Amino acid sequence: MSSPEKLLSISKVSLAFGGVKALTDVNFHVNKGEIFSIIGPNGAGKTSMLNCISGRYQPNQGSITFKGKEMLGMKPNERSDLGLGRTFQNLALFGHMSVLDNIMVGRHHLLKNNFATGPLYWFSGAQKEELEHRRAVEDIIDFLEISHIRKSQAGTLSYGLRKRVELARAVALKPDLILLDEPMAGMNQEEKEDMARYILDLNEEWGMTVIMIEHDMGVVMGISNRVMVLDFGRKIAEGLPDEIMANEHVKKAYLGEEDELLMEETA
Amino acid sequence: MIALSMRPCGDFRTTYKADTQIFETSTIRGVTIASIIALCFAPLVLDAYYLTLFIQISYLAIAALGLNILVGFTGQISLGHGAFFGFGAFASAWFTNTFAVPVWISIPLAGCFTMAVGMLFGLPAARIKGLYLAIATLAAQFIIEDFFARAEWFSGGAYGAAAESVSLFGHTFDSDESFFYVALFSLVFMYIWGSNLMRSRDGRAFVAVRDHYLSAEIMGINLTWYRLLSFGVSSFYAGIGGALYGHYLGFVSAEGFTLMMSVQFLAMIIIGGLGSVQGALLGTIFIVLLPEVLEGLVGMIAGSGLVEQGSLMESLSYFKEMAIGLVIILFLIFEPDGLAHRWKQIKAYWKYYPFAY
Ligand SMILES: Nc1ncnc2c1ncn2[C@@H]1O[C@H](COP(=O)(O)OP(=O)(O)O)[C@@H](O)[C@H]1O
Ligand SMILES: [Mg+2]
């Protein structure tokens, strides 16, 4: 077996907000084709990590290379061209746009028409280009089973549907690496199962590498290739799902095992 | 779940092309095209008063659409739109007077020139928002007004600048009847231009920046560029509108392009509907016609003999000024989403008629 190709490498990344150390010396890498999960208690720095990768935050030190390119100092909007897409923990759709337009915005960096050629719609090729991308967007809409709401205003949809539209918009970017921040938070079991299936399909059929933050351990252990655990901004474990489940540090920090042990002792 | 689309039942789109039309139904498109054709015959039947009103609506509505792209679609603010309108008027006159550029070229040229100036004064938008941006554009308004007063080479100073009439293929559009066609063509052209912009890449980017700038940035949208570009496109429209105004009147002087005018443009898009292409037109029609209608009312009351001539007549015209303000305030309270929104509801009502809720 040839050694896996590294798509993303994070080395010695630290990030502080004033006195609050959100991340301290975090190292990890993600291989091409993986589903890589980040878990950890609230406030552990998981979202901050994604924000560093997507460019929303600039780490105070360390390096982030994607496809061998250093991404530090690169603006967030330049990273979509490199093949990076993401969804947000708190919904971040364009509330007044239709679902369709929301997803079309995902094609922004792939489209070429602009403020001068767009208005000359029929004569500049803008129409042809828009329709081509519209077709690609419809494929995504079919895949995520949201065709019934494609004309609805995004801001009026239910929570679960909005999460799905956000995923569709990120997929529309045609990313090689997609970052999903709690894609199943607030969903019921059925919606979670759907979402897990979409993520697996994206990984296997659409060829996307996935980094996912998720609290539902069942899902995390079920679909991840590897898992990393953050606690108070530090990486405390990384490995195969089974290894993580068995790790003592993780049990203490995250799985609440400590309390149970304590209770057993006192009982 | 509120569906955005207002299509009647049974109107299924079978191609994506049919689904991305400017007009929502073929009926609306038919009615719009028929109205435009009907308007072509207007100079044959209507008298100059109505033609003047139409021309006035045209050049103001073009500028108002520009402001709506900036304020309604991109979510920024400008208190300097009147100055950009004036800049377009002077620039076009200057091109024709100084470089003998034909008017039909100098109008779009003035648009581009005003666009550049707009982007220059829009630079603060890369950094600041809201009230701070409002103040920065207010400064732009005063700086440009001052420029008009001082730059005699450009604006003719206190004397103002003469602006040639539009002429094309040896025909000069110097009467109300003939300029009507220039106005109609420009209005239709610029509104199609705007509608196409808003359904293509950069138009969507504007709305994305307005709705959620952080995720817009993740989608590959360069925030600084689109905030600036929005000022550019907005000023482009102001410049075209202003240039048309200048070549219609035949003369440009600086007095009109004040803060008052900028505020009036804002009133037009708020009344018409922020973030709506047809809203900009509806709002302009409203603001232009309101004083005329009130004037007519005052005339009727005076003519009826109920009111003595003389001093009371004067208070009536006072009343007119106040009524304009009152109507605008009432509008903001009872119709905050603007005329375009009301129009949508009327359409929805007829669509479901007789099963209205
Ligand atoms: N923009 C910010 N300003 C200040 N503190 C922040 C900011 N973003 C995150 N933090 C802090 O960093 C820590 C990690 O937060 P976060 O990454 O959101 O955690 P998680 O996603 O794991 O729940 C928290 O203590 C949080 O308060
Ligand atoms: Mg988080």
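In short, a report on the structure. (Residues numbered from 1 in each chain as written. Chains lettered and ligands numbered in written order. Predicted model: local features only at pLDDT ≥ 70, side-chain atom pairs only at ≥ 80, totals over all residues. Heavy atoms only, no water.)

## With respect to the overall build of chain A
If you tally the helices and strands in chain A, you get 10 helices and 10 strands. Radius of gyration (C-alpha) of chain A: 20 Å, near the 18 Å computed for a compact globule of 267 residues. Counting only residues that meet the buried cut, chain A has 54% of its 267 residues in that class. Restricting the contact set of chain A to residue pairs at least 6 apart, pairs at least 24 apart contribute 66%. (Helix = DSSP H or I, 4+ residues; strand = E, 2+ residues; numbered from the N terminus. Rg over C-alpha atoms; globule rule 2.2 N^0.38 Å. Buried < 20%, exposed > 50% of the residue type's maximum accessible area, 1.4 Å probe, protein only. Contact = heavy atoms within 4.5 Å.)

## So, the sheet that holds strand β8 (residues 209-213) of chain A
Residues and elements named next belong to chain A. Across the sheet, which stays open at both edges, the 6 strands sit in the order β6-β7-β8-β3-β9-β10 with mixed pairing between neighbours. Bordering the open sheet on either side are β6 (84-86) and β10 (234-239), each of which pairs with just one other strand. Adjacent strand axes in the sheet meet at a mean angle of 15°, parallel and antiparallel pairs treated alike. Both strand β3 (residues 35-39) and β8 contribute to a ladder of 4 bridges, which runs parallel. Residue pairing for β8: F36 is matched across the bridge by I211. Helix α1 (residues 46-54) rests against β3, β6, β7 (177-181), β8 and β9 (226-231) of the sheet, and its axis sits at about 150° to β7. Across the sheet, helix α5 (residues 159-172) is in contact with β6 and β7; its angle to β7 comes to roughly 160°. (Pairing = 2+ DSSP bridges. Axes fitted to C-alpha atoms, helices over the stretch in contact; angles between N-to-C directions.)

## Section: the site of ligand 1
All names here are of chain A. The immediate surroundings of ligand 1 are formed by F17, V20, A22, P41, N42, G43, A44, G45, K46, T47, S48 and Y57. Note that an oxygen atom of ligand 1 is positioned 2.6 Å from one of the side-chain N or O atoms of T47. Contacts to ligand 1 include S48, whose side-chain N or O atom sits 2.6 Å from an oxygen atom. The element that contributes the greatest number of residues to the shell around ligand 1 is α1, accounting for 3 residues. (Near = heavy atom within 4 Å. Polar contact = N/O pair within 3.5 Å; in protein donor to acceptor, adjacent residues only side chain to side chain.)

## Topic: the coordination of the magnesium ion (ligand 2)
All names here are of chain A. Summarising the metal site, the magnesium ion (ligand 2) is bound by the protein donors T47 (OG1) and Q89 (OE1), whose distances to it range over 1.9 to 2.1 Å. Taken together, the residues T47 in helix α1 and Q89 in the loop between β6 and α3 (99-106) connect sequence positions 42 residues apart. A relative accessible area of 26% means that Q89 is categorised as partly exposed. (Donors = N, O, S within 2.8 Å, 3.2 Å for Na, K, Ca; no water.)

## Some details on the pattern of salt bridges
Residue and element names in this part refer to chain A. In total, this model carries 17 salt bridges over all chains according to the counting rule given. Its salt-bridge partner being R86, residue D181 comes within 4.0 Å of it at the nearest N-O pair. Of the two residues, D181 is situated in strand β7 and R86 in strand β6; the sequence distance between them amounts to 95 residues. For D181, a relative accessible area of 0% corresponds to the buried category. The structure contains a network of salt bridges with shared partners spanning E34, R226, K235 and E238. (Salt bridge = Lys/Arg side-chain N within 4 Å of Asp/Glu carboxyl O.)

## Looking at the sheet that holds strand β5 (residues 69-70) of chain A
All names here are of chain A. Strand order in this open sheet of 4 strands is β2-β1-β4-β5, and the pairing throughout is antiparallel. Only two strands of the sheet have a single partner each, and these edge strands are β2 (20-31) and β5. As paired strands, strand β4 (residues 61-66) and β5 are joined by 2 bridges and run antiparallel to one another. The residue bridging T65 from the neighbouring strand is E70, located in β5. Packed on one face of the sheet, α1 meets β1 (6-17), β2 and β4 and runs near 115° to β1.

## Points about the environment of T258(B)
Residues and elements named next belong to chain B. Along the chain, T258 falls in the loop between β4 (251-252) and α12 (259-272). Separated by 154 residues in sequence, T258 and W104 place their C-alpha atoms 26 Å apart. Leave out the neighbours within four places in its chain, and T258 touches G82, Q141 and E145.

## Brief notes about the interface of chain B and chain A
Taken residue by residue, the interface counts 40 residues in chain B and 47 residues in chain A. Carbon and sulfur atoms supply 64% of the area buried between chain B and chain A, which totals about 3900 Å² over both sides. Contact with chain A buries area across many residues of chain B, yet Y16(B), R204(B) and M219(B) alone supply 20% of it, more than any other trio. Counting every contact that joins chain B to chain A gives 1 salt bridge. In this structure, R204(B) and E130(A) form a salt bridge, with 2.9 Å as the shortest nitrogen-oxygen distance. Linking chain B to chain A there are 12 residue pairs in polar contact (both at pLDDT 80 or more). For the side of chain B that touches chain A, the secondary structure elements donating two or more residues are α8 (176-198), α9 (201-211), α10 (213-218) and α11 (223-249) of chain B. Ranked by residues supplied to the side of chain B that touches chain A, first place goes to α9(B) with 8 residues. For the side of chain B that touches chain A, the class distribution of residues is 21 nonpolar, 9 polar and 10 charged. (Buried area = accessible area lost by both parts, 1.4 Å probe. Nonpolar A, V, L, I, M, F, W, Y, C, P; charged D, E, K, R; others polar.)

Remember, this is a structural readout, not a statement about activity or role.
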